[in-house]
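These are the residues of each chain, in order.
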Amino acid sequence: MTILDTVLGRERVLVKENERALTLYKGEIKAVLLPGEHWLANRNQSLEVSRHDLKSPEFVSVYEKALFDKLPDVAARHFTVVRTGRTEVAVIERDGNLHSVQAADRKLVLWTDAGPWKVTVVDTSADLAIDPAVMRRLGQARKTELMSVHPVVDGQAGLLFIDGVLVRTLAAGVHGFWNVGRMVQIKVVDLKRQSLDVAGQEVLTRDRVTIRVNIAAEYRVVDPVKAVSAVKDFSEALYRALQYAFRKTLGALTLDQILEKKVTVDEEAAAKVRADMAEIGVEVSDIALKDVILPGEMREILNQVVSAEKQAEANVIRRREETNATRSLLNTAKVMAENPVMLRLKELEALETIAGKVERLTVHNGTGGLLNDLVKLRDG
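Residues numbered from 1 in each chain as written. Predicted model: local features only at pLDDT ≥ 70, side-chain atom pairs only at ≥ 80, totals over all residues. Heavy atoms only, no water.

Asks: Before we go on, may I ask you to explain helix α8 (residues 267-278) in this structure?
Replies: Helical geometry note: an α-helix holds 3.6 residues per turn, so side chains three or four residues apart project in the same direction. Between its terminal C-alpha atoms α8 stretches 16 Å, which fits the 16 Å expected from 12 residues at 1.5 Å a residue. Among all positions of α8, only Ala269, Ala270, Val273 and Met277 are buried. Looking down the long axis of α8, one finds its buried residues gathered within 100° of arc, a one-sided arrangement. Opposite the buried face of α8, by more than 90 degrees, sit the exposed residues Glu267 and Glu268. For α8, the secondary structure elements touched by its buried residues are α6 (234-251) and β18 (282-293). (Helix = DSSP H or I, 4+ residues; strand = E, 2+ residues; numbered from the N terminus. Expected span 1.5 Å × (residues − 1). Buried < 20%, exposed > 50% of the residue type's maximum accessible area, 1.4 Å probe, protein only. Arc of directions from axis to C-beta. Contact = heavy atoms within 4.5 Å.)

Asks: In this structure, what is going on with the pairing of strand β13 (residues 165-170)? I would like to understand it.
Replies: Remark: a regular strand shows side chains that alternate across the two faces of the sheet. In this structure, strand β12 (residues 156-162) lies alongside β13, joined through 5 bridges in antiparallel fashion. Residue pairing in the sheet places Phe161 in a bridge with Leu166 of β13. Between the antiparallel neighbours β12 and β13 lie 2 residues, among them Asp163 with a positive phi of about 55°. (Pairing = 2+ DSSP bridges.)

Asks: Quick question: what am I supposed to make of the sheet that holds β12 here?
Replies: Consider a sheet: its strands pair through backbone hydrogen bonds, and that pairing is either parallel or antiparallel. A sheet is described by the order of its strands in space; here 3 strands give the open sequence β13-β12-β15, paired in antiparallel fashion. Strands at the two margins of the open sheet, each flanked by one partner only, are β13 and β15 (184-190). With strand direction ignored, the average angle separating the axes of adjacent strands in the sheet is 25°. In this sheet, β15 lies alongside β12 in antiparallel orientation, the contact comprising 7 bridges. The residue of β15 that forms the bridge with Leu159 is Lys187. (Axes fitted to C-alpha atoms, helices over the stretch in contact; angles between N-to-C directions.)

Asks: Any chance you could explain the side chain of Ser50 here in plain terms?
Replies: If you trace the backbone, Ser50 turns up in strand β5 (residues 47-53). Engagement of the side chain of Ser50 in a polar contact is seen with the side chain of His52, the distance being 3.3 Å. Those residues in contact with Ser50 that lie beyond four places of it in its chain are Arg20, Ala21 and Leu22. (Polar contact = N/O pair within 3.5 Å; in protein donor to acceptor, adjacent residues only side chain to side chain.)

Asks: When you look at the packing of aromatic side chains in this model, what are you seeing that I'm missing?
Replies: One pair of aromatic rings is described through two measures. These are the centre distance and the angle between the planes. Within this structure, the stated rule accounts for 4 aromatic pairs. Here the aromatic rings of Phe59 and Phe79 are separated by 4.5 Å at their centres, their planes lie at 40°, and the arrangement is tilted. Here Phe59 is found in the loop between β5 and α2 (64-70), whereas its partner Phe79 is found in strand β6 (residues 79-83), with 20 residues between them in sequence. Between Phe68 and Phe79, the aromatic rings sit 5.8 Å apart at their centres with planes inclined by 40°, giving tilted as the arrangement. Here Phe68 is found in helix α2, whereas its partner Phe79 is found in strand β6, with 11 residues between them in sequence. On the basis of relative accessible area, Phe79 is assigned to the buried category, the value being 5%. A network of ring pairs unites the aromatic residues Phe59, Phe68, Phe79 and Trp111 as a single cluster. We note Lys107 situated over the ring of Phe68; from NZ or CZ to the ring centre the distance is 5.5 Å. (Phe/Tyr/Trp six-rings, centres within 6.5 Å; stacked < 30°, edge-to-face > 60°. Lys NZ or Arg CZ within 6 Å of the ring centre and 35° of its normal.)

Asks: Help me understand the side chain of His52, please; the structure alone is not making it clear to me.
Replies: Along the chain, the position of His52 falls in strand β5. When near neighbours in sequence (up to four residues on either side) are disregarded, His52 contacts Asn18, Glu19, Arg20, Phe59, Val60, Ser61 and Trp111.

Asks: Please explain the packing of α6 against α8 as it appears in this structure.
Replies: Working note: a packed helix pair is described by the angle between its axes plus the distance between those axes. In the contact formed by α6 and α8, the axes pass within 9 Å of each other and the chain directions differ by 165°. In this view, α6 runs roughly antiparallel relative to α8, as classed from their interaxial angle. Read as a crossing pair, α6 and α8 show a hand that is right-handed. When α6 is examined against α8, the residues Phe234, Ala237, Leu238, Ala241, Leu242, Ala245, Lys248 and Thr249 are found in contact with a partner set consisting of Glu268, Ala269, Val273 and Met277. The residue makeup of the contact of α6 with α8, split by class, is 9 nonpolar, 1 polar and 2 charged. (Parallel < 35°, antiparallel > 145°, perpendicular 65-115°, else oblique. Left-handed = near helix turned anticlockwise from the far one by under 90°. Nonpolar A, V, L, I, M, F, W, Y, C, P; charged D, E, K, R; others polar.)

Asks: Explanation requested: α6 in the structure shown.
Replies: Taking 1.5 Å as the rise per residue, α6 with 18 residues should run 26 Å; its terminal C-alpha atoms sit 26 Å apart, in good agreement. Looking only at α6, the buried set comprises Phe234, Leu238, Ala241, Leu242, Gln243, Ala245, Phe246, Thr249 and Leu250.

Asks: Please explain the layout of surface pockets as it appears in this structure.
Replies: Rolled over the atoms, a probe with the dimensions of a water molecule shows which regions are left empty. Each pocket or cavity is described by its volume, and for the largest pocket that value is around 160 Å³. Lining the largest pocket are 13 residues, with Val91, Thr120, Val122, Asp131 and Val134 sitting closest to its centre. Looking at the lining of the largest pocket, the elements with two or more residues in it are β7 (88-94), β10 (117-123) and α4 (132-140). Class assignment of the residues belonging to the lining of the largest pocket gives a composition of 8 nonpolar, 1 polar and 4 charged. (1 Å grid on protein atoms, 1.4 Å probe; cavity = no way out; pocket = protein on both sides within 12 Å on 5 of 7 lines; lining within 4 Å. Points joined across faces, edges and corners; volume = space filled by probe spheres on them.)

Asks: Explain the pattern of salt bridges here, please?
Replies: Here the idea is simple: oppositely charged side chains can pair when their charged atoms come close. Within the structure shown, the criterion is met by 13 salt bridges. A salt bridge links Asp127 to Arg168, with the nearest nitrogen and oxygen atoms 3.6 Å apart. Here Asp127, found in the loop between β10 and α4, pairs with Arg168, found in strand β13; they are 41 residues apart in sequence, far enough to count as distant. With relative accessibility at 34%, the residue Asp127 sits in the partly exposed group. (Salt bridge = Lys/Arg side-chain N within 4 Å of Asp/Glu carboxyl O.)

This is how it looks when you write it as structure tokens:
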């Protein structure tokens, strides 16, 4: 600075390439300075210079309003203003890279020279869904504070509720939605075939015996919207329908009938279950009684009954065998009575058997009768 500059009240201001400067003289906004050397009036130290590094591209200054009000052309030349309405979201790119996401009802002032900038404003009043490509970019840039992500896998359906109102059904995939002050809920419904067990249900039979049964059913959701909107919990509705059907079926039978027939739910009750569940979008296929559990004392009585039945069957078989043996002896006796030689041969077989078991055998009456008969048979 020269003596002349001091006399004239001028001050040298140097602005670097990565800077911009805002000047005020006697408290009044005057200009935005670009890079280079600037000589500005500064009598009585009335000049004020506010420097801004373009490394932080957001323009934050207490003089923002004054600049836009008094120097609108200058402001339009140096700044990019991003505004979002009550239902809008802005995706801001800087030189092709995702810079930030601006929430609804906000204003952002950027130095234009810090760009180039690309601003995409999304109106969410009609649809909160985020384009899949944008969602991936937000995730990669870790700018996810204004979105919620909901995966729906194969074999499932996702029901989208916004502010408690069902909007549509989502197919399998990853779905993103903007958070703009509206409540987003996703209820995922499994569409695959599933089984439901109703265990330990107490039933009073017709002969007033309390038993416990285990019930099983196969089902699948065919209309997820009905299944979710018609009842609070469709699996609980099926559970109660099965309870009622089996109580009605088993309560009309005696214990013996239940144990003998391995009873399943009757067709009328099964049809009622299927019809009721079809009204809420659930298809029921197999319905079966898996187990019948008896009280302890009843099991002991049945064991005694079974044991007695088996003993009676064994006695019948024993008597049948004894009868067959007696009949065989009777037939043998008849043959021997009609054929004396056969009787003699049996006697000899008996003697042979006895002789093989003892050291000495004494025949007091002799064997004359036996031998005579044999000789006679031979002579004949």
